[in-house]
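Reading the structure
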Amino acid sequence: MKRIPYGRQHITEEDIQAVNDVLRSDYLTQGPKIAEFEKAFAEYEGSEYAVAVSGGTAALHLSALALNIQPGDKIITTPITFVATANCVRYCGGEVVFSDIDPETYLLDIGKVRQLLQSSPKGTYKGIIPVDFAGRAVDLEALRNLADEFGLWIIEDATHAPGGFFTDNRRQKQLCGNGNFADLATFSFHPVKHITTGEGGMITTNNEKLYLRLRNLRTHGIQQNHNLNQKKDGIWYYEMQELGFNYRMTDVAAALGLSQLKRADAGLERRKEIAALYEKAFAGKPFIRRLPEINEGHAYHLYIAEFENRDGLINHLRKNNIMAQVHYIPVHLMPYYQQFGWKEDDMPVAENYYRHCLSLPVYSTLTDEEQSFVIKTIEEFYA
Ligand SMILES: *Cc1c(COP(=O)(O)O)cnc(C)c1O
């Protein structure tokens, strides 16, 4: 059996053709494909606006800048995420405050966030960055209500959940990143994510002011709307009004993203099929500590189960060329974050999860034979 990763891209001839076409065109960057991709992505997630950027981390950094995180500002996030979620706060000098996860959903425990907010004077915290972890959508309606009570903004790290959704109080589907509840939402197009542009990212929002600011910040802080320049020296004139970055996506990447987006729904369906097969194979098995809760809007970026003797299992799988992975090492235990006083036992639910969790292969081109081999290899380990 050839190497089976936990996630990988799916590139078709059509994708290659789309990239080829851009390479033969006049614009490799700052051309028409960016706006086309932004429009199509906003439509896909149901948001008003989308801003394409060079990566998911760039999307988080620009979001943090657009919401004016200042040195010392306290921002709440989950310890079970990729480090970039927390790091965007640090880029602006803010203070990351971790809050523990719910043991069933692995998402930020809203009850614990409430306790945290209630235990300090109002105004102590500025914002909250929930993560649609593994592809499971955060209940942003509940989180928005809480955020409003305490005057917080929300950046939804929706990297794992394009196409994912939760159901609101009126039984309406609310797509991740649709901008109805969060101020900003971020996505990544790294090859292990649902759709890829090589490196790339997107920010979605329904807030026009934030949208326009993000566009300026993406290009060095240069005002993109020339009518808003303070001077009018001539047609060559441009004006840098604040400190921004070059976080642009290339047209080559945007063309790949556009082509990939056409297959996003098909990819999502395939992920759901794979998840259902794992569920069927493992339900009730004594070596399973917990399977993911069945959830209609789950986008299954990752299929994570909790196993007895996880460390033994991962070694056995790796020996069989199955690259199962651990997502994630709790961020508060990273040496970088320990310097701020975070330590073992601060987040008991997250830490217990970390000891048992394992991400099994799930991606649209995983074949039935490959998945059967994964399941058989797991059963063989416990037999
Ligand atoms: C991948 C990932 C990111 C970072 O995205 P890049 O495109 O790799 O910069 C941020 N947050 C989460 C939850 C991720 O999984």
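Here's what I pulled together on the structure shown here. These numbers come from a predicted model, not from an experiment. (Residues numbered from 1 in each chain as written. Predicted model: local features only at pLDDT ≥ 70, side-chain atom pairs only at ≥ 80, totals over all residues. Heavy atoms only, no water.)

1. Structural notes on the packing of helix H2 (residues 32-45) against helix H8 (residues 251-261)
Between H2 and H8, the shortest axis-to-axis distance is 8 Å and the interhelical angle comes to 30°. The chirality of how H2 crosses H8 is left-handed. Residues Pro32, Lys33, Ile34, Glu36, Phe37, Ala40, Phe41 and Tyr44 of H2 pack against Asp251, Ala254, Ala255, Gly257, Leu258 and Leu261 of H8. The class makeup of the residues in the contact of H2 with H8 is ten nonpolar, one polar and three charged. (Axes fitted to C-alpha atoms, helices over the stretch in contact; angles between N-to-C directions. Helix = DSSP H or I, 4+ residues; strand = E, 2+ residues; numbered from the N terminus. Left-handed = near helix turned anticlockwise from the far one by under 90°. Contact = heavy atoms within 4.5 Å. Nonpolar A, V, L, I, M, F, W, Y, C, P; charged D, E, K, R; others polar.)

2. So, the site of the ligand
If you check the shell around the ligand, you find 15 residues, and the closest are Gly56, Thr57, His160, Ser188 and Lys193. At 2.6 Å, a side-chain N or O of Thr57 approaches an oxygen atom of the ligand. In the complex, 90% of the free accessible area of the ligand, which totals 380 Å², lies under the protein chains. Residue assignment for the shell around the ligand shows that the elements contributing at least two residues are helix H3 (56-66) and helix H4 (83-91). Broken down by element, the residue count for the shell around the ligand peaks at three residues, all from H3. Considered class by class, the residues forming the shell around the ligand number four nonpolar, nine polar and two charged. (Near = heavy atom within 4 Å. Polar contact = N/O pair within 3.5 Å; in protein donor to acceptor, adjacent residues only side chain to side chain. Areas by Shrake-Rupley, 256 points an atom, 1.4 Å probe, with all protein chains shown as cover.)

3. Considering the environment of Lys280
Here Lys280 is to be found in helix H9 (residues 264-282). As a C-alpha pair, Lys280 and Gln325 span 45 residues in sequence and 21 Å in three-dimensional space.

4. Side note on the environment of Arg24
The residue Arg24 is located in the loop between helix H1 (13-23) and H2 in this model. Separated by 120 residues in sequence, Arg24 and Arg144 place their C-alpha atoms 46 Å apart.

5. Description of the pairing of strand S4 (residues 125-129)
Within S4, four of the five residues are buried, leaving the element largely enclosed by the surrounding structure. Alignment of strand S2 (residues 74-77) against S4, held across four bridges, turns out to be parallel. Opposite Ile76, over in S4, you have Ile128 as the bridge partner. With two bridges joining them, S4 and strand S5 (residues 153-157) adopt parallel strand pairing. By the bridge assignment for S5, Gly127 is matched with Trp153. Handedness of the β-α-β unit built from S4, helix H6 (residues 140-150) and S5 comes out right-handed. (Buried < 20%, exposed > 50% of the residue type's maximum accessible area, 1.4 Å probe, protein only. Pairing = 2+ DSSP bridges. Right-handed = clockwise from strand over helix to strand, strands pointing away.)

6. Quick word on the side chain of Glu370
Here Glu370 shows up in helix H13 (residues 368-382). Setting aside anything within four residues of it in sequence, one finds Glu370 in contact with Met1, Lys2, Ile4, Tyr363 and Thr365.

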